[in-house]
Amino acid sequence: MNFSEVFKLSSLLCKFSPDGKYLASCVQYRLIIRDVNNLQILQLYTCLDQIQYIEWSSDSLFILCAMYKRGIVQVWSLEQPDWHCKIDEGSAGLVASCWSPDGRHILNTTEFYLRITVWSLCTKSVSYIKYPKACQHGIAFTKDGRYMALAERRDCKDYISLFVCSDWQLLRHFDTETQDLSGIEWAPNGCVLAVWDTCLEYKILLYSLDGRLLSTYSAYEWSLGIKSVAWSPSSQFLAIGSYDEKVRILNHVTWKKITEFEHPVTIANPKIIVYKEMEKSTRVETESLAFPPARAQASSLFSTQSKYDISQVPVTLQYVKPVTDRANPRIGIGMLAFSPDNCFLATKNDNIPNAIWIWDVQKLKLFVVLEQLYAVQLFQWDPRQPRLAICTGNSKVYLWSPAGCVSVQVPMEGDFQVLSLCWHSSGDSMALLTSGFLEVWKSLQPHFHYMNMI
Amino acid sequence: MGDWKTITVPALSSASKIAYQNTSEKKMSPSSLNMQQVLCSPLPSYKSMHSFFSAFCTEENVEQSISYLNRELTTLGFPSLYSECKDKELNVVSVLNCMNELLVLQRKNLRAQEEVEIQHLKLGSDMDHLQNCYAKVKEQLEASRREIVGLQERDRQQQCKNRNLHQLLKNEKDEVQKLQNIIASRATQYNHDMKRKEREYNKLKERLHQLVMNKKDKKIAMDVLNYVGRVDGKRGAWKTGKTEARNEEEMYKVLLGGYEQRQKQLLVENAELKKVLQQMKKEMISLLPPQKQKPKERAEDGIGPVLSDMEEDAVELNKENMWELSCETVREQLTNSIRKQWRMLKNHVEKLDNQVSRAHSGALNGSDVISREDHELETEKLELEIQQCKEMIKTQQQLLQQLMSPCDDDDTSVLLQDCYLLEERERLQEEWKLFREQKKNFERERRSFTEAAIRLGLERKAFEEDRGAWLKQQFLSMTSDHKNSEHVKTPSAYSGSSDPDNQLMNFRSRQKKPHCLPSVHPSEDLCQTIQHIPPNSNSSVVLNKTTEDSKPKQWKGLNKAETE
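Because the structure is predicted, anything quoted here is derived from the model rather than measured. (Residues numbered from 1 in each chain as written. Chains lettered and ligands numbered in written order. Predicted model: local features only at pLDDT ≥ 70, side-chain atom pairs only at ≥ 80, totals over all residues. Heavy atoms only, no water.)

Draft legend 1. Representation of the overall build of chain A in the model. Scanning chain A from terminus to terminus reveals one helix and 40 strands. Looking at chain A as a whole, 57% of its 454 residues are labelled buried. Taking all contacts inside chain A whose residues are at least 6 apart in sequence as the whole, residues at least 24 apart take part in 45%. As displayed, chain A offers around 19,300 Å² of accessible surface, 50% of which is attributable to carbon and sulfur atoms. (Helix = DSSP H or I, 4+ residues; strand = E, 2+ residues; numbered from the N terminus. Buried < 20%, exposed > 50% of the residue type's maximum accessible area, 1.4 Å probe, protein only. Contact = heavy atoms within 4.5 Å. Areas by Shrake-Rupley, 256 points an atom, 1.4 Å probe, with all protein chains shown as cover.)

Structural data, given as structure tokens:
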């Protein structure tokens, strides 16, 4: 177990490069590129304004920095540090920016979602796409990077446009039977596009690559509908999390529901393992304390150790009653993710914010429930193996795998509140982000030689 | 008034007689009844009346009758009949008055009687009327009671209905509440979205305003140092119809690829499932006892030829890798045949179950059926056996592993090696102990032997000396005296000692190199021990000491010799 030193960070902007060699982080208006192995600074770029978003190109040769306030995107090259590129949207403004899958085009979404401008780094051509939809997941690229699906809205109706990424030619344009489209996502095999409606209506539509409607699924009417959607890595299953605290799984052959997962407050089935995080108060022997106390010792005195204990079923989880008279209530399945080997599905029910539910996809049953002391902020699967990293806004990182789970104290002076984390593509290391600092945890394999193990 | 009863009043007029005739005579005294009867009877003649009236007073008893009448009248309150002045003189006036009074009284009485009779009649009719009314009212009461029961029943049913309707109403209300909640949440969501849109709209308006007002237009441009090459290294191409067609083609290729892959997977799955089904069918057929199938076959003889053909075809198809075909008929055949077999198997199992239950109750003693207890015993035995076998296998595996594979961990391998060494060392030590003991014994023996040999040598020396002395003595005695005997002894001691040396030299020459193994030759040890003696050539007392002192040295030497 190997924690690096602490580096400065702003706005939780930290990303590993897709090839796994570099780590990019931002401090105000500076972009710092580090080597992943020794975390030495390789490059340092200065942008014109405070950076709000960074993204690596798919071949890890370029990195874009978007500054929304000024409406500028700056692109830096890793091979040639002298190379520079600045895209100024001017009065059009900038709301979002992203790379195309080939790593040579940048798609800028102008303010008020007026249009999407496609800037090319290889030619002098510029393309404009009108009437993009103002929603969170409006652009989706297939995994192989060949096609792009874009949600549009004209005359109070939703449309989907499919583009070929190599030459930006419009392939298909069709309308969708949604009231107010709220998201689109390609299946990993690139053949099916899932389109789902606003939360006021539970409706998910499945379109084939050539624009045909394959199937529609609607579980119920009138109550609040879909909150989160996830495809399984093999494209076999589509998991839909909704506001009624259930996850429904559709299969790719008939596009019908094969099962639904419930998230009740009480778990009674004795076959389910429930890990509960407990605080372990360390006994302090006053005689062995040195005065003045060493820094590391001081911080460890006040930070509470925690470990996991297996609770006996039946277990009642902590339930937060949602405020019903507000929009976008904190109920339902807010987070949903499949493990990369397609064996597990991790979900979080916003009514029970301290718990993570892990389902066995082979048996389609609940496998493990992790109950934390604080509300779960983020969880992410290791890109290579079924290992889940969880952060709950305190100074610990939690790892779960079928072998067991462990809570690891992040060694740091003072209070290090882990707000976000991101895995390295090899699953070897992880970046832990807090509001102002970054720490990298290396050599995560082989795991479970750590303390506090179950 | 007894007399009054018996004596009728004849002075009544005929008018009253007629009146009497018309009235009823229920409650009259018998004498009056008589009178009434007499009066009701057809009008009596004047004569009979007179005769009747003359019964009281005749010409003889006029004065008696007058006095009697007077008496009666005065008691009734009438004035006296006699005149005041003269006694026994009839006061005609008072008599007439009295008569009038009596008439009046009679009339009054008759009237009263009439009235009473009328009233009586009235009451009678009233009574009848009331009785009728009572009967009617009773009937009405019964009817109303029945009605009440009926109404109560209806009331109960209505209450039931009412309760049900209340329940329905409650359910409907709940649903309405739920829908209202949903509507409320939707409304909040809508409002929220509306507000968001409005805010954005306002921002847009402001921006538009800004743009309109703003003279300076910030140029929208990209400033790049130099253009980067494409990822695939090719140049950009114009968008033409051809490229469109190409894109379509590619898209369809991707789709088709996806479908083909899925179809392949499904085919593989299908093939596997078909195999499994075939296997299951075979196993089911094997499970069923053969006689079951014969009657079935016989029954199907009628349809026989066709079916057998089909079966044959199926068999042939089976032989020709049927699972690669996926036509409808083959699938149907397979599923039908499996269903058939399954049904037969089910029947068979049911029969067995029945048999078992019967055997349990002790009625049947089927030879095919094993009682449950035996079965359980057998299974327990088998389980134990399996457990034992498993343990054996485990231990064997462990041993095998230990033997075969070298340990990854050096420590453990070293440990293991150490274990073996320890064992060997212990064994060696034990053997050494034995060896040492044996050696000790041999040493003792050796010592004793050496002592014995020395003693023997000494004794021999002594004997030789003695013999020599004796010979000398003999000789001397033959020639001279005893003087030389003492001097001869001491040098002979040394000379005697040199003899064993010579003997030792002989032994030494014959000495072989000792073997490493602890097979001890006492003679050799003897040689070796005595080998050390010449360097320490002293008296025999010292000899012993040196032998003892040199023991450790001996051992070392022995060890060395042994190890060599």
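Draft legend 2. Representation of the interface of chain A and chain B within the structure. Every contact between the two is made by 50 residues of chain A and, on the other side, 41 residues of chain B. Summed over both sides, the interface of chain A with chain B buries roughly 4,400 Å², with 57% coming from carbon and sulfur. Interface area lost by chain A to chain B is led by Phe112(A), Gln169(A) and Leu200(A), which between them contribute 16%. In this structure, the connection of chain A to chain B is made through three salt bridges. (Buried area = accessible area lost by both parts, 1.4 Å probe. Salt bridge = Lys/Arg side-chain N within 4 Å of Asp/Glu carboxyl O.)

Draft legend 3. Spatial organisation of the nonpolar core. All names here are of chain A. Counting 37 residues, the largest nonpolar core has Ile-160, Ile-204, Leu-238 and Ile-240 as its most contacted members. Top element by residues in this core is strand β19 (residues 192-197). It accounts for five residues. The next biggest cluster of nonpolar side chains, apart from the first, holds 22 residues, and it includes Ala-230, Val-315, Trp-357 and Leu-366. (Core = buried A, V, L, I, M, F, W, Y, C linked by side-chain atoms within 4.5 Å.)

Draft legend 4. A look at the environment of Tyr308(A). Residues and elements named next belong to chain A. Along the chain, the position of Tyr-308 falls in strand β28 (residues 305-311). Classification of Tyr-308 as buried rests on a relative accessible area of 3%. A C-alpha to C-alpha distance of 4.5 Å links Tyr-308 and Glu-277, two positions 31 residues apart in sequence. Within the local environment of Tyr-308, its side chain forms a polar contact with the side chain of Gln-372, the two groups lying 2.8 Å apart. (Polar contact = N/O pair within 3.5 Å; in protein donor to acceptor, adjacent residues only side chain to side chain.)

Draft legend 5. Here's a closer look at the pairing of strand β34 (residues 378-381) of chain A. Residues and elements named next belong to chain A. Side chains Phe-379 and Trp-381 project from β34 onto a buried face, and the interleaved Leu-378 and Gln-380 project onto a face without burial. Pairing of β34 with strand β35 (residues 388-391), which is carried by four bridges, proceeds in the antiparallel orientation. For Trp-381, the partnering residue across the bridge sits in β35 and is Leu-388. Counted between consecutive antiparallel strands, the loop separating β34 from β35 contains six residues. (Pairing = 2+ DSSP bridges.)

Draft legend 6. Structural view of the packing of aromatic side chains. Residues and elements named next belong to chain A. Applying the stated criterion across every chain, the model contains 18 aromatic pairs over all chains. Note on Tyr-202 and Tyr-217: the rings are 6.1 Å apart at their centroids and 80° apart in plane angle, and the pair reads as edge-to-face. Here Tyr-202 is found in the loop between β19 and β20 (204-208), whereas its partner Tyr-217 is found in strand β21 (residues 213-217), with 15 residues between them in sequence. Neither Tyr-202 nor Tyr-217 differs from the other in exposure class; each is buried. Where Phe-344 meets Trp-381, the ring centres are 6.4 Å apart and the plane angle is 15°; that geometry is what we call stacked. Note that Phe-344 is positioned in strand β31 (residues 344-349) and Trp-381 in strand β34, a separation of 37 residues in sequence. In this pair, the class of Phe-344 matches that of Trp-381, namely buried. Through pairs of rings, three or more aromatic residues link up here, namely Phe-344, Phe-367, Trp-381 and Trp-400. (Phe/Tyr/Trp six-rings, centres within 6.5 Å; stacked < 30°, edge-to-face > 60°.)

Draft legend 7. Local environment of the packing of helix α7 (residues 241-287) of chain B against helix α10 (residues 328-361) of chain B. All names here are of chain B. At their nearest, the axes of α7 and α10 sit 10 Å apart, and the two run at 35° to each other. Here the hand of the crossing between α7 and α10 comes out left-handed. Contacts between α7 and α10 involve Lys-274, Leu-277, Gln-278, Lys-281, Met-284, Ile-285 and Leu-287 from the first element and Leu-334, Ser-337, Ile-338, Gln-341, Trp-342 and Leu-345 from the second. Across the contact of α7 with α10, the residue classes break down as eight nonpolar, three polar and two charged. (Axes fitted to C-alpha atoms, helices over the stretch in contact; angles between N-to-C directions. Left-handed = near helix turned anticlockwise from the far one by under 90°. Nonpolar A, V, L, I, M, F, W, Y, C, P; charged D, E, K, R; others polar.)

Draft legend 8. Region of interest: a positive patch on the surface. Taken together, the side chains of Lys433(B), Arg436(B), Lys440(B) and Arg444(B) make up a positively charged region of the molecular surface. As for its placement among the helices and strands, Lys440(B) is situated in helix α12 (residues 410-479). (Patch = residues over 30% accessible without salt bridge, like charges linked within 9 Å, V, L, I, M, F, W, Y side chains within 5 Å. Lys, Arg positive; Asp, Glu negative; His and termini not counted. Charge placed at Lys NZ, Arg CZ, Asp CG, Glu CD.)

Draft legend 9. View of the pairing of β19(A). Residue and element names in this part refer to chain A. Burial analysis of β19 places six of its six residues in the buried class, which makes it a mostly covered element. Going residue by residue along β19, you find Val-192, Ala-194 and Trp-196 tucked away on one face and Leu-193, Val-195 and Asp-197 tucked away on the opposite face as well. Looking at chain direction, strand β18 (residues 181-186) and β19 are connected through five bridges and run antiparallel. Bridging across to β19, Glu-185 finds its partner in Ala-194. The antiparallel hairpin formed by β19 and β20 contains six residues in its connecting segment.

Draft legend 10. Spotlight on the confidence of the model for chain A. Residue and element names in this part refer to chain A. Overall, the predicted model of chain A reaches an average pLDDT of 87, with 92% of residues at or above 70. Model confidence for chain A, summarised as mean pLDDT per element, is weakest for helix α1 (residues 295-302) at 51 and strongest for β20 at 95. Across residues 448-454, where pLDDT falls below 50, the model places 26 contacts with residues more than four positions away in sequence or in other chains. (pLDDT = per-residue confidence, 0-100.)

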